[in-house]
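Coordinate analysis (summary)
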Amino acid sequence: MSPVLRAFLIISALLLLAPLLFPSVYYYRIGVLVLINTLSVTGMVVLLGYVGLVSLGHAGFFAIGAYATAVLPAYGIPPILTILVGAIGAALVAAFIGKPILRLKGHYLAIATLGFGMLVWMVLSKEAWLTGGPDGMVVESIDVKAPFELLGIKIKTAIAWYWICAVAVVIGIVLATNLANSPAGRAMRAVHESDVAAASLGIDVARTKLTAFIISAVYASVAGSLLALFNRYVTPDTADFLHSIEIMTMTVLGGASSVYGALIGALILTSLPQMLTVFAEYENMMFGAIMILTMVLMRQGLAPAIAQLFSRGRK
Amino acid sequence: MTSLTLENIGISFGGLRALDGVSFTANSGEVTSIIGPNGAGKTTLFNIITGIYQPDIGKVLIDGTDVTGEAPHDLARRGMARTFQNLQIFEQMSALDNVMAGRHLHERRNVLADMFGLPSSRKCNRESAIAAQAALKRVGLGGVANRPAGDLSYGQLKRLEIARALTTEASLILFDEPAAGCNAVESREIDDLISSIASDGAAVILIEHDMRMVMRISSHIIVLDHGRKIAEGTPETVRKSPQVVEAYLGVHGAKEAGAALA
Ligand SMILES: Nc1ncnc2c1ncn2[C@@H]1O[C@H](COP(=O)(O)OP(=O)(O)O)[C@@H](O)[C@H]1O
Ligand SMILES: [Mg+2]
């Protein structure tokens, strides 16, 4: 079975079966948040896992999507279309800032991306005429039940959102898996492991990094748009540094080398704070602790560790 | 027909003059070997030819075109490929994927087609896999195509790098000590492989310590010592050159002295 078909089947099955474990509609809401984070983290898997770059400012791209969806309907763009416009905007911004900063290595790059996230946060907080400032703004709502009612299915809003986000995640994961096993993805993985060897084969290292950066920005932006539509409210916190850290921690915990890691990381770190109030209170500390523990105990993250367990069981 | 010409190449690292006034030409269909003691500047010369270092002075010409200071990936586009003395393997990738990466310049590059898995992208992938499989077979690694590269032995990795360079179909290929650390049988196989690559029409530049191998397959030998070219010519003339005998006798003499003292 090809890796793409396998990813499609496994992720689809998991998302189809998950609602069997939901005791109430409230859990669909958590499910939606998990899925939206999965989308951001899938983008980060492309950036960190495929091409090996760190970004501490991805919440900035997330916020670009969220605010595109919040702001643009007032200018006559239908809410659904704002997802696309936001994605294109995020791609352009990523291309523009990526060119100079992706030349930086290691922690210099991390700090530059951090700066980008802070910049977005600042603009969103200060330009109140457009963004509502620190208080945020209301997002025009869309009727997510419509497509289901068209098929004659009666459904609650949160449940409709769950299925819409599930489809988005399956598409996102299929695209990322296709990429991994394609010429462009192979070039990214080659750059990750040895940029000298990659360049000797004609791979344009700077361009390959930029491509991955843009792709990951688009994932974050689409996730941001979905969250804006789902919450019907956005605040500058979408661009907050801690949100960037959250995306990064989920990626690292799940394991940046595979898309399965994206789902696992997002699932654990999104649902824990919702279910355990203790975790919620000390959320930032917990994220820090998890990041440290992952780095010390299992560099590769959870997904490869679980896969190893399975293959050992088979033997 | 490809030729590589170096004109008066010089480079310093801090105070160390690593290369000084090195000139030569390498032609297609021939193996041009660069020999000399450790630290003579051979790898540095490769790094200048392939664009990793910029020379302080001098020029690199491909078929008469000045390509000095071009980026490594642009030089690859001009038909250059290389292997590395200190292996540069994509260890987390399979052996096949390592070699498929060498097909980069032959692939249609469209990241959206790749993400959506369009037929054009799949076809491209299949063609790369076929070419890579053939290159693996040629170096005797057909059987380990799907193994992670990190699991292969040192000798296999040396050959994996050769396959990766081969699959680019470059017209100018540089091998940096391809047989180092390999046993006699493996060395002999690499030896034959490199001869056949040159007779297929590529210009081959070889750095190698194994003198028997160098003498057997080279059309042309350049001898470096402390960054300078001290001799050049056919295996026959180089073998008899007094400077070469002296430089090498110097090394061997020192070694023998060391052994006697220990
Ligand atoms: N990047 C570098 N920085 C400083 N010194 C270097 C660098 N690369 C090579 N050298 C020095 O240049 C000399 C030639 O090295 P090298 O080309 O690797 O020799 P060879 O391949 O002939 O054994 C050595 O003295 C080495 O230490
Ligand atoms: Mg060397």
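Residues numbered from 1 in each chain as written. Chains lettered and ligands numbered in written order. Predicted model: local features only at pLDDT ≥ 70, side-chain atom pairs only at ≥ 80, totals over all residues. Heavy atoms only, no water.

1. Examining the overall build of chain A
- Within chain A one finds 16 helices and two strands.
- Principal-axis analysis of the C-alpha atoms gives chain A an extent of 55 × 50 × 40 Å.
- Sorting the 315 residues of chain A into buried and exposed places 54% on the buried side.
- Contacts in chain A between residues at least 24 apart in sequence constitute 79% of all its contacts with a sequence separation of at least 6.
- Element-wise, carbon and sulfur atoms account for 70% of the exposed surface of chain A, whose accessible area totals about 14,400 Å².
- Side chains of chain A carry 18 positive and 13 negative charges; the gap between the two charge centres is 13 Å. (Helix = DSSP H or I, 4+ residues; strand = E, 2+ residues; numbered from the N terminus. Buried < 20%, exposed > 50% of the residue type's maximum accessible area, 1.4 Å probe, protein only. Contact = heavy atoms within 4.5 Å. Areas by Shrake-Rupley, 256 points an atom, 1.4 Å probe, with all protein chains shown as cover. Lys, Arg positive; Asp, Glu negative; His and termini not counted. Charge placed at Lys NZ, Arg CZ, Asp CG, Glu CD.)

2. Quick look at the coordination of the magnesium ion (ligand 2)
All names here are of chain B.
- Donor atoms from the polypeptide that coordinate the magnesium ion (ligand 2) comprise Thr43 (OG1) and Gln85 (OE1), at 2.0 to 2.1 Å from the metal. One end of the pair, Thr43, is in helix 1 (residues 42-49); the other, Gln85, is in the loop between strand 6 (80-82) and helix 3 (95-101), with 42 residues separating them in the sequence.
- Given a relative accessible area of 26%, Thr43 falls into the partly exposed group.
- In this structure Gln85 comes out as partly exposed when scored by relative accessible area, which is 26%. (Donors = N, O, S within 2.8 Å, 3.2 Å for Na, K, Ca; no water.)

3. What about the site of ligand 1?
Residue and element names in this part refer to chain B.
- Around ligand 1, the neighbouring residues are Phe13, Leu16, Ala18, Pro37, Asn38, Gly39, Ala40, Gly41, Lys42, Thr43, Thr44 and Tyr53.
- The contact in question runs from an oxygen atom of ligand 1 to an N or O atom on the backbone of Ala40, over 3.2 Å.
- Take Gly41: an N or O atom from its main chain is 2.9 Å from an oxygen atom of ligand 1.
- Listed by contribution, the elements that provide at least two residues to the shell around ligand 1 are strand 2 (16-27) and helix 1.
- No other element matches the three residues that helix 1 contributes to the shell around ligand 1.
- A class-by-class count of the residues in the shell around ligand 1 yields six nonpolar, five polar and one charged. (Near = heavy atom within 4 Å. Polar contact = N/O pair within 3.5 Å; in protein donor to acceptor, adjacent residues only side chain to side chain. Nonpolar A, V, L, I, M, F, W, Y, C, P; charged D, E, K, R; others polar.)

4. Overview of the domain arrangement of chain B
Residues and elements named next belong to chain B.
- On domain assignment, one finds that chain B holds domain 1 (1-79 + 170-262) and domain 2 (91-169).
- When each unit is reduced to the centre of its C-alpha atoms, the spacing between domain 1 and domain 2 is 27 Å.
- Carbon and sulfur atoms supply 61% of the area buried between domain 1 and domain 2, which totals about 1,200 Å² over both sides.
- The largest contributions to the domain 1 side of the interface with domain 2 come from Arg77, Ala170 and Leu193, which together make up 35% of the buried area.
- Put simply, domain 1 and domain 2 have three salt bridges between them.
- A salt bridge links Arg159 to Glu189; its shortest N-O distance comes to 3.9 Å.
- For the side of domain 1 that touches domain 2, the secondary-structure elements that each account for two or more residues are helix 2 (72-77), strand 7 (172-176) and helix 7 (184-199).
- For the side of domain 1 that touches domain 2, the per-class residue count stands at 10 nonpolar, three polar and six charged. (Domains from an automatic or database assignment. Buried area = accessible area lost by both parts, 1.4 Å probe. Salt bridge = Lys/Arg side-chain N within 4 Å of Asp/Glu carboxyl O.)

5. Description of the nonpolar core
- If you look at the biggest cluster of nonpolar residues, it comprises 109 residues, and the most contacted ones within it are Leu15, Tyr50 and Phe61 of chain A.
- Looking at which element gives the most residues to this core, the answer is helix 8 (residues 157-180) of chain A, with 16 residues.
- With residues near it in sequence (within four places) discarded, Phe61 of chain A still touches Ala90, Val93, Ala94, Ile97, Phe116, Phe213, Ala217, Ala220 and Ser221 of chain A.
- Ranked by size, the runner-up nonpolar core spans 37 residues in total, among them Ala81, Ala95, Ala132 and Leu152 of chain B. (Core = buried A, V, L, I, M, F, W, Y, C linked by side-chain atoms within 4.5 Å.)

6. Focus on the pattern of salt bridges
Residue and element names in this part refer to chain B.
- Per the stated rule, a full pass over the model turns up 16 salt bridges over all chains.
- Its salt-bridge partner being Asp200, residue Arg138 comes within 3.1 Å of it at the nearest N-O pair. Of the two residues, Arg138 sits in helix 5 (residues 119-138) while Asp200 sits in the loop between helix 7 and strand 8 (203-207), which places them 62 residues apart along the sequence.
- Exposure remark for Arg138: the relative accessible area of 38% places this residue in the partly exposed category.
- Look at Asp200 and you get exposed, because its relative accessible area is 58%.
- One continuous salt-bridge network, built from bridges that share partners, spans Arg17, Asp20 and Arg228.

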